Amino acid sequence: MLPYRRYRSFTIASTFYLAILLVTGCARLPIVGALPDGVAVTRLTRVEPASPFAWNDGGTKIALVADTFVIYNPADGKSQPFGAAPYEIGWSSDGEHLAAVFPHGKDATLRIFNMRGAVLSEADISGHVTKLAWRSNDELLVAAVTVEQLSFGANVKGLLYRWQGIGKPAATTLSETTVRPFIARWPAEKLYQTFTFALSPLADEIAYTRLQDPPAFSPYVKIFIRNMESGAEKEVASAAVTSAGAVYSADGERILYGDGANASHWLDPWTEKELAIIPTPGRTIALSPGNRYALIDGRLYRDGKEVVAFPATSEGAFNPIGGRLLVRYDDNLYMISGLGEPKADKTVPAERERFLTLRKWRSEGLISIPDYQSARERMFPQ
Amino acid sequence: MKNRFAQLALVVIAALSLSLPAAAEDCIPCHREKTPAAVRQWETSAHARAKIGCEKCHGSDHDKIVKGEARVDMKVCGPCHQKAFKEHKASRHGMGLHSGWGCTRNLANRDPAECRFCHEEGSTAPLSGVQCARFLKQTSEMAEIGCNYCHNVESSCASCHTNHNTSLAIVRDPNSCAKCHMGPDHPQWEMWQTSLHGTLNATAGISTGPTCQTCHMPKGSHNVSFGITMSSGGAPYPAKQAEPARKEMLQICSQCHAPEFARKDLTRGDAVRSQSLTILKEAEKIIWDLSDHGLLDPMPEKRPEHPLSGRKLVTDNQMLYEDTSHIERLFFKMKKYDYARTIKGAYHQNPAYTHWYGNAELKMDLVDIKAEANRLRERSGAHVAGNGENPAAAAEEALRALKSKVERGAMSEEEYAVEKAKVLDRLKGSAK
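Residues numbered from 1 in each chain as written. Chains lettered and ligands numbered in written order. Predicted model: local features only at pLDDT ≥ 70, side-chain atom pairs only at ≥ 80, totals over all residues. Heavy atoms only, no water.

Caption draft 1: Spatial organisation of the interface of chain A and chain B. The interface is formed by 18 residues belonging to chain A together with 16 residues belonging to chain B. Taken together, the two surfaces of chain A and chain B that pack against each other cover about 1500 Å², and 55% of this comes from carbon and sulfur. On the chain A side of the interface with chain B, the three residues burying the most area are A:Trp361, A:Leu366 and A:Arg378, jointly 41% of the side's total. The interface formed by chain A and chain B contains four salt bridges. (Contact = heavy atoms within 4.5 Å. Buried area = accessible area lost by both parts, 1.4 Å probe. Salt bridge = Lys/Arg side-chain N within 4 Å of Asp/Glu carboxyl O.)

In structure tokens, the structure reads:
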């Protein structure tokens with residue numbers, strides 16, 4: 001039995017929610033709470049439920065799946081067809097190429113398209129792809145999971161592929177766990193979810209999850225950061241298997257991860273200092289480019305405070321230049337516009353290289369955290 | 001009444017026939033044809049005389065036997081031969097010399113049957129705690145022949161006694177040791193053969209010339225570690241462990257020699273070991289210094305992972321002779337062959353192995369290693385000069401050398417902090 005006060009709150013919230021549904025109609029995005037002034041919600045188009053969608057870097061086009069794979073222009077509502085439906089997509093940062101993943105039996109096929117829809121490169125890889133990201137305009141990072149059923153459980157392997165669009169993608173095993181039989185029987189999607197990554201805005205590091213299955217304990221994931229140049233890794237947190245993993249802050253110095261059970265945490269992964277806690281488990285996380293906004297488990301936060309809530313099953317992607325948010329709920333894609341946000345700082349290329357060098361040295365332990373901080377302050381005074 | 005008695009008699013006969021193990025005779029007719037040598041050996045063995053038939057050791061599941069899944073290992077022999085089993089388990093032969101550790105399941109082209117190298121069927125727990133990087137680098141076939149034919153001694157009596165013979169004449173002959181204790185890395189059999197002990201044995205017999213077993217398995221003991229004062233790699237044991245072992249060995253020597261004579265001889269061996277270790281350490285230091293400065297070619301991070309240590313320099317007993325740099329390959333020979341031959345030659349009283357096959361090679365190895373180090377340093381001169389145009393690369397090289405030094409205790413934390421700050425200052429200065 002719910003205590004009376006909780007029951008009353010629950011009833012009021014449900015009634016309010018149902019009322020919104022009745023008033024707005026089913027094709028509208030259910031919202032709990034009042035949208036801030038100047039913020040508007042627009043339904044863009046129908047999409048396949050649970051299908052991928054992605055902004056281009058300029059924030060002018062959206063790759064999505066509506067029956068087929070299309071590039072949608074939110075300005076005029078027109079779509080350019082690209083063919084069969086992929087299950088993961090990602091734009092290169094120059095917006096000239098689009099990478100997409102297609103099922104190939106138990107494995108996957110990667111394709112790189114140009115903007116006319118022609119396939120420039122194609123490669124088959126082992127496993128089910130859980131995430132892809134362009135590290136540069138010439139290199140694609142792809143996370144994939146293979147599951148080998150064994151008589152005493154299953155071998156779950158997380159592979160990170162690096163592909164320059166030529167030849168065979170190079171694979172590195174980042175996670176390998178022999179799980180007990182009851183975990184081996186989990187739905188495939190749940191096993192796949194245990195290995196994913198986020199690329200730092202500087203494209204030099206990833207934060208990824210690694211499944212753990214200790215005897216006599218519940219399985220969980222560890223979160224590691226890995227420098228892509230040195231290959232050095234650091235374990236920074238652990239979370240329930242339902243966690244969305246981590247995303248990087250705009251400056252690449254902090255991560256926001258969901259513990260999958262209670263809260264989401266802002267963390268400095270190097271000092272391991274917890275900077276803030278957001279009271280939602282972080283099973284889906286999207287951050288705005290300036291970090292002013294976060295969409296976590298369907299709740300939209302501004303400056304760390306909840307503004308409105310969309311259904312928990314909705315997923316979002318912020319426009320890379322800020323100001324707008326895509327939310328997919330069921331089979332509809334919505335755009336939230338009018339989100340004011342200062343533009344993120346971009347370091348000039350020469351500084352970026354030196355900065356990356358310092359970060360690489362930090363990852364390898366060639367310099368300590370205080371060394372890094374003081375060198376950074378001296379080299380790049382604010 | 002008569003009928004009931006007959007019924008009871010039938011039941012007793014049936015029960016007896018089920019409970020008694022099948023006699024060897026059940027297997028013999030067929031195996032006399034299929035495996036005649038095995039049958040012949042068993043028939044003349046102590047097992048046959050004691051009426052220990054095939055099934056007692058092999059079990060009764062013929063399918064399992066045919067598939068090679070019912071091997072007669074130490075667990076089968078142990079319950080009857082308890083004294084030998086206990087002595088063996090307490091000795092170097094029984095202490096995890098089974099090669100392996102580190103799962104090979106995910107290496108390329110593995111034979112699934114090789115799981116049995118390390119695991120009992122259906123178990124994920126390793127049988128042995130010993131790690132061997134060189135084993136893990138082998139193909140399944142090479143691991144079976146080149147490693148396990150010797151390193152199954154941990155769990156297989158047959159490794160020395162052979163499968164169906166029980167003749168002690170076989171295992172009392174030094175040739176039975178030669179299968180493993182020979183060759184470039186530890187030629188104890190050759191050393192013994194060409195020492196005065198071996199020569200006397202060949203000419204005057206065992207009463208004058210001792211065998212391997214005389215000194216290392218006294219009174220038929222299965223503890224082959226008796227009297228040994230160093231690890232199999234030649235690292236001296238600490239005094240607490242070495243001193244009682246030395247006393248044990250002196251007791252053996254004193255059966256033929258004056259105790260003082262024996263003590264002096266073994267002390268000379270200790271001195272040769274210590275002198276040789278100094279030469280070896282000099283060479284090892286050169287390699288680590290090159291590694292600190294990123295001068296090995298290739299560096300560990302640019303070659304296939306070491307099976308146990310990953311992309312790190314390894315110069316201990318787990319060092320590899322493949323996927324390594326040329327200078328490390330020279331060091332491998334120096335340590336595994338020439339150092340071992342020098343010190344084992346000395347303890348086995350063999351002059352040629354101690355000097356020419358051992359000491360001379362060891363010293364020539366050091367010459368080669370120094371020359372190769374000079375070559376690498378000279379070559380890097382150009383590389384470092386090139387880094388003058390790339391301050392970040394030069395700084396990284398310096399930081400890496402400093403880190404390596406502090407990690408292996410060649411520099412204090414305080415010195416490290418000062419030197420590191422200097423490198424970072426130089427980098428900042430170069431950016432202006």
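Caption draft 2: Layout of the sheet that holds strand β10 (residues 128-136) of chain A. Residue and element names in this part refer to chain A. In spatial order, the strands read β10-β11-β12-β13; together these four strands make up an open sheet with antiparallel pairing. Across the chains shown, the open sheet's two edge strands, defined by having one partner strand only, are β10 and β13 (170-179). Shown here is a sheet whose adjacent strand axes are inclined to one another by a mean of 15 degrees, direction ignored. Bridge count between strand β11 (residues 139-150) and strand β12 (residues 153-163): eleven bridges; the pairing is antiparallel. When the sheet's bridge partners are listed, Thr146 is paired in β12 with Lys157. (Pairing = 2+ DSSP bridges. Helix = DSSP H or I, 4+ residues; strand = E, 2+ residues; numbered from the N terminus. Axes fitted to C-alpha atoms, helices over the stretch in contact; angles between N-to-C directions.)

Caption draft 3: Inspection of unusual backbone geometry at higher detail. With an omega of 0 degrees, the peptide bond running from B:Asp297 to B:Pro298 counts as cis. Assignment of secondary structure puts B:Pro298 in the loop between α18 (259-292) and α19 (326-347). If you check the backbone angles, A:Ala203 has positive phi at about 65 degrees while not being a glycine. In this structure, A:Ala203 sits in the loop between β14 (197-199) and β15 (205-212). A relative accessible area of 11% places A:Ala203 in the buried class. The backbone of A:Asp303 sits at a positive phi, close to 50 degrees, despite the residue not being glycine. Summarising the element assignment, A:Asp303 is placed in the loop between β24 (299-302) and β25 (305-309). (Buried < 20%, exposed > 50% of the residue type's maximum accessible area, 1.4 Å probe, protein only.)

Caption draft 4: Inspection of the nonpolar core at higher detail. Among the nonpolar cores identified, the biggest contains 36 residues, and A:Phe197 and A:Ile206 are the most heavily contacted of them. With residues up to four places along the chain from it excluded, the contact list for A:Ile206 reads A:Leu141, A:Leu160, A:Leu174, A:Phe197, A:Ala198, A:Leu199, A:Phe224, A:Ile225, A:Arg226, A:Met228 and A:Tyr248. One finds B:Cys215, B:Leu313, B:Tyr339 and B:Ile369 within the second-largest nonpolar core, a separate group that totals 34 residues. (Core = buried A, V, L, I, M, F, W, Y, C linked by side-chain atoms within 4.5 Å.)

Caption draft 5: Molecular detail of the state of the cysteines. Residues and elements named next belong to chain B. A complete count under the given rule lists one disulfide over all chains for this structure. Here Cys150 pairs with Cys180 through a disulfide, and the sulfurs are 2.2 Å apart. Every disulfide takes its handedness from the sign of the S-S torsion; for Cys150 and Cys180 that torsion is -105 degrees, giving left-handed. Of this pair, Cys150 sits in helix α10 (residues 140-151) while Cys180 is found in the loop between α13 (175-178) and α14 (188-193), placing the two residues 30 residues apart along the sequence. Free cysteine: Cys80, not disulfide-bonded; nearest cysteine sulfur from Cys57 at 7.5 Å. (Disulfide = S-S within 2.5 Å.)

Caption draft 6: Structural context of the pattern of salt bridges. All names here are of chain A. Throughout the structure, instances matching the rule amount to 48 salt bridges over all chains. Notably, a salt bridge pairs Arg226 with Glu233, separated by 2.7 Å at the nearest N-O pair. Between Lys234 and Glu272 there is a salt bridge whose closest N-O contact spans 2.5 Å. Taken together, the residues span a long stretch of sequence, with Lys234 in strand β17 (residues 233-239) and Glu272 in the loop between β20 (264-268) and β21 (273-278) at a distance of 38 residues.

Caption draft 7: Region of the structure containing the sheet that holds strand β22 (residues 285-287) of chain A. Residue and element names in this part refer to chain A. Spatial strand order, β22-β23-β24-β25: four strands in an open sheet with antiparallel pairing. Across the chains shown, the open sheet's two edge strands, defined by having one partner strand only, are β22 and β25. Adjacent strand axes in the sheet meet at a mean angle of 20 degrees, parallel and antiparallel pairs treated alike. Bridge analysis of β22 against strand β23 (residues 293-296) gives three bridges, and the strand direction is antiparallel. If you follow Ile285 over to β23, its bridge partner there is Ile296.

Caption draft 8: Just the environment of A:Gly59, in detail. All names here are of chain A. Here Gly59 lies in the loop between β2 (53-55) and β3 (62-66). Owing to a relative accessible area of 1%, Gly59 belongs among the buried residues under this scheme. Along the chain, Gly59 and Pro74 lie 15 residues apart, while their C-alpha atoms are 9.7 Å from each other. Contact partners of Gly59, with chain neighbours within four places excluded, come to Asn319, Pro320 and Arg324.

Caption draft 9: Focus on empty space enclosed by the protein. All names here are of chain B. Across all of its chains, the model carries three cavities of 30 Å³ or more by this definition. Of the voids in this model, the largest cavity is the one considered here, and its volume is about 110 Å³. If you go around the largest cavity, you meet 14 residues; those closest to its centre are Arg303, His306, Lys312, Leu320 and Asp323. (1 Å grid on protein atoms, 1.4 Å probe; cavity = no way out; pocket = protein on both sides within 12 Å on 5 of 7 lines; lining within 4 Å. Points joined across faces, edges and corners; volume = space filled by probe spheres on them.)

Caption draft 10: The packing of aromatic side chains, seen in detail. Residues and elements named next belong to chain A. All told, the structure shown has eleven aromatic pairs over all chains when counted by the stated rule. Relative to Tyr208, the ring of Phe195 lies with its centre 6.1 Å away and its plane at 70 degrees, an arrangement referred to as edge-to-face. Here Tyr208 lies in strand β15 and Phe195 lies in the loop between α3 (188-192) and β14, a separation of 13 residues in the sequence. Phe195 sits in the buried class, given a relative accessible area of 2%. Geometry around Trp186 places Lys190 over its ring, the cationic atom sitting 4.1 Å from the centre. Over the aromatic face of Trp266 sits the side chain of Arg254, whose NZ or CZ is 5.0 Å from the ring centroid. (Phe/Tyr/Trp six-rings, centres within 6.5 Å; stacked < 30°, edge-to-face > 60°. Lys NZ or Arg CZ within 6 Å of the ring centre and 35° of its normal.)

Caption draft 11: The arrangement of the pairing of strand β5 (residues 78-83) of chain A in detail. Residue and element names in this part refer to chain A. Looking at chain direction, strand β4 (residues 68-73) and β5 are connected through five bridges and run antiparallel. Bridge pairing links Val70 to Pro81 in β5. The loop that links β4 with its antiparallel partner β5 comprises four residues; one of these, Gly77, has a positive phi angle of about 75 degrees.

Caption draft 12: Summary view of the packing of helix α17 (residues 239-253) of chain B against α18(B). All names here are of chain B. Running from N to C, α17 and α18 cross one another at 130 degrees; their axes reach a closest spacing of 9 Å. Taken together, α17 and α18 sit at an angle that is classed as oblique. As α17 runs across α18, the sense of the crossing is right-handed. Contacts between α17 and α18 involve Arg246, Met249, Leu250 and Cys253 from the first element and Pro259, Ala262, Arg263, Leu266, Thr267 and Asp270 from the second. Of the residues belonging to the contact of α17 with α18, the class tally is six nonpolar, one polar and three charged. (Parallel < 35°, antiparallel > 145°, perpendicular 65-115°, else oblique. Left-handed = near helix turned anticlockwise from the far one by under 90°. Nonpolar A, V, L, I, M, F, W, Y, C, P; charged D, E, K, R; others polar.)

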